[in-house]
Amino acid sequence: MWLSLLREATEQIDVLVFSGTFFVQSNPQVVKMLAERALQGTRIRLCFGDPGGEAVAARGHEEGIGDTLAAKVRASLTYYRPLLSEEGCEVRLHDTTLYNSMFRYDDNLMVNPHIWGQPASANPVFQLRRVDDTGWFDNYTESFDAIWAEAKPWAP
């Protein structure tokens, strides 16, 4: 499902995570696929937790893994470094308390709500589709836009 939505996206792909390690580790072709989408004109916005930020530190503490989450963010970012030179791809770092991770593919949105003290991978994923101009889809994407607006461009 994740990969077919990625392959089919034509307008935009937005990702909001702390580390999102599973995304690239589940399929090593994800970065190549994102670059291909960007080449075809799809807007790519990837927003990771700031590994030096307070939110990542707090979440690491809550999950009982301490500094490991910051290390996971840094490791995940290394995979996405090639996208920085691709037109239409942006990578930013946020310092926001995340209540969920989000993966948007045009009018499809995968939402991974976070349960306190558990890693994102141990929680469910819901798929939402935009059906009109009001509703859950827009609420989630508006929250992405607010976080994106405050996030800093990643400059490794």
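Rules of the game
- Residues numbered from 1 in each chain as written.
- Predicted model: local features only at pLDDT ≥ 70, side-chain atom pairs only at ≥ 80, totals over all residues.
- Heavy atoms only, no water.
- Pairing = 2+ DSSP bridges.
- Helix = DSSP H or I, 4+ residues; strand = E, 2+ residues; numbered from the N terminus.
- Salt bridge = Lys/Arg side-chain N within 4 Å of Asp/Glu carboxyl O.
- Buried < 20%, exposed > 50% of the residue type's maximum accessible area, 1.4 Å probe, protein only.

> Just to check I follow, could you spell out the sheet that holds strand β6 (residues 126–129) for this structure?
Strands belonging to one sheet form pairs held by backbone hydrogen bonds; the direction of such a pair is parallel or antiparallel. Taken together, seven strands build an open sheet; the order of strands is β6-β5-β4-β1-β2-β3-β7 and the sheet is mixed. Looking at strand neighbours, the two that pair on one side only are β6 and β7 (152–153), the edges of this open sheet. Here strand β4 (residues 100–105) pairs with strand β5 (residues 108–113) via six bridges, running antiparallel. Opposite Met 102, over in β5, you have Val 111 as the bridge partner.

> Just to check I follow, could you spell out the pattern of salt bridges for this structure?
For side chains of opposite charge, pairing can occur when their charged atoms come near one another. Across all of its chains, the model carries seven salt bridges by this definition. In this structure, the salt-bridge partner of Asp 145 is Arg 45, at a minimum N-O distance of 2.9 Å. Placement of Asp 145 in helix α6 (residues 136–150) and of Arg 45 in strand β2 (residues 43–49) is noted, with a sequence separation of 100 residues between them. We classify Arg 45 as buried; its relative accessible area is 5%. Of the charged contacts in the structure, one is a salt bridge between Asp 138 and Arg 130, with a shortest N-O distance of 2.4 Å. For Asp 138, a relative accessible area of 8% puts it in the buried group.

> What should I look at first to understand the pairing of strand β3 (residues 89–94) in this one?
The side chains of a regular strand alternate, first on one face of the sheet and then on the other. For β3, the tally of buried residues reaches five of six residues, placing the bulk of the element in the interior. Here six bridges tie β2 to β3, and the two strands are oriented parallel to one another. Following the sheet pairing, Ile 44 is matched in β3 by Cys 89. Here β3 pairs with β7 via two bridges, running antiparallel.

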